[in-house]
Amino acid sequence: MGGFAGGAGALATVVLLSVLGTAVVAVVGSSLPADGAASSRLLDGRSSRGTRVEGGAHAHTRTALPPAPAGVPRVTLANGVEMPRVLLGMGPWCNGHDCYNDTAATADVRLAFSVGFNGVDGGYSNEVGVGEAVRGFDRTTVWVTSKIPPCHNSLTVEACALQTETDFGKQLAELNLSYVDLMLLHGPPNNGSGTACVGPELCGLARAQWTALTAKYTAGAVRAIGVSNYCGTCLDCLAGLSPSPHVNQVQFHAGMPGADPAGIASACKKHSTELQAYSPLGNYLNHSLIHANLTVAIGLAHNKSSAQIGLRWVLQNNHSLAVAASNPDYLKEDLDVFDWELTPSEMQQLDTVAFAPEDPTRGVCK
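Since the structure is predicted, the reported quantities are computational estimates derived from the model, not experimental observations.

Conventions and cut-offs
Residues numbered from 1 in each chain as written. Predicted model: local features only at pLDDT ≥ 70, side-chain atom pairs only at ≥ 80, totals over all residues. Heavy atoms only, no water. Helix = DSSP H or I, 4+ residues; strand = E, 2+ residues; numbered from the N terminus. Buried < 20%, exposed > 50% of the residue type's maximum accessible area, 1.4 Å probe, protein only. Contact = heavy atoms within 4.5 Å. Areas by Shrake-Rupley, 256 points an atom, 1.4 Å probe, with all protein chains shown as cover. Disulfide = S-S within 2.5 Å. Pairing = 2+ DSSP bridges. Axes fitted to C-alpha atoms, helices over the stretch in contact; angles between N-to-C directions.

(A) Region of interest: the overall build of the chain. The helix and strand inventory of the chain stands at eleven helices and twelve strands. Sorting the 366 residues of the chain into buried and exposed places 54% on the buried side. Partitioning the contacts of the chain with sequence separation of at least 6, the portion at a separation of at least 24 is 76%. Accessible surface for the chain amounts to roughly 14900 Å². Of this, 55% is attributable to carbon and sulfur atoms.

Shown next, in the form of structure tokens:
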């Protein structure tokens, strides 16, 4: 995710349910190749009867990989690519006592997919484990988001472009995938003091890095590209470049307050960019949304948890989100947010309450 939003917690040994192998196939849509090590790579991965692997006298038939679950509704991005509206957010780095290792990352993804998820938002420290889990499924039915770090103002435009190309290749290599569905620039260039996208130098670096990422998109190494922690001023820096970011992943939740904190939702709409919320239940240090009397009361009215109320508020404001959980019951709750609605009165109350006014949308513009 764009920022830390919860750790893996205690992990049980996960046995992937064989029932996934009979789930309905809903191809996310790509003509790109299936993935895996060269020695076991499928030619296509779509045939349920097995795929012929060329190899002369040693040629043999391998069983096609099972599809991921197909039940998560999707949003259509500006380029026509369909993305699941709820992703499993892995947290892109270690934060205090919450640290992913490869085994934990693989187990969390497999657990989430066993209860209905079909997309994962990873990055940095967990890519090896995420890739291991993803390669257990037909690649065309799985969504994978990854991230690369922003350029710093100490870099030249040329060095920024080279760094972006290098980091992109590193992420694909660690995932052991031939492509990702979405690659995000994990933040705008800044001057080391938190000031971003102010002045021609920082704006120029942002444009250079976006141009380098666009080249990967044009070459077919990624199906959609976006940014994270970009405020409106940072998005404006990219004006005139094509395409505009397909996704902007920012901290966004009820109680910041309002449905358009710091004008971030309006800025994304202006640039035809999908707003994707990380920390949709609040900053990991702030649990006020989950424990608030308002969300608890609304939850009781719908026979839902207060957490589901927070997630539904994001979705009903027409945004997507990434959630972090390793408890199977919480994961199931996180997907039980599509076939019911908050009332207009409940939405208005959640729009105006201030659970955590100190939480930033990130991408600080000063």
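(B) Inspection of the state of the cysteines at higher detail. For the coordinates displayed, the defined rule picks out three disulfides. The residue that forms a disulfide with cysteine 197 is cysteine 234, at a sulfur-sulfur distance of 2.1 Å. Between cysteine 197 and cysteine 234 the disulfide shows an S-S torsion of about 110 degrees. By sign, it is right-handed. Pair noted here: cysteine 197 is in the loop between β8 (180-185) and α4 (200-218) and cysteine 234 is in helix α5 (residues 232-237), with a separation of 37 residues, a long-range link. One exposure class covers both cysteine 197 and cysteine 234, and it is buried.

(C) View of the sheet that holds strand β11 (residues 274-278). The eight strands lie next to each other as β5-β6-β7-β8-β9-β10-β11-β12, forming a closed barrel whose pairing is parallel. The sheet shows a mean angle of 30 degrees between the axes of neighbouring strands, direction not considered. Here strand β5 (residues 86-89) pairs with strand β12 (residues 320-323) via three bridges, running parallel. Residue pairing for β12: leucine 88 is matched across the bridge by valine 323. Against the sheet, helix α9 (residues 306-316) touches β5, β11 and β12, its axis set at about 150 degrees to β12.

(D) Spotlight on helix α2 (residues 127-134). Within α2, six of the eight residues are buried, which leaves the element mostly enclosed by the surrounding structure. Those residues of α2 lying buried are Glu127, Gly129, Val130, Gly131, Ala133 and Val134. Those residues of α2 that are buried lie in contact with α1 (102-114), β6 (119-121), β7 (143-148) and α3 (157-175).

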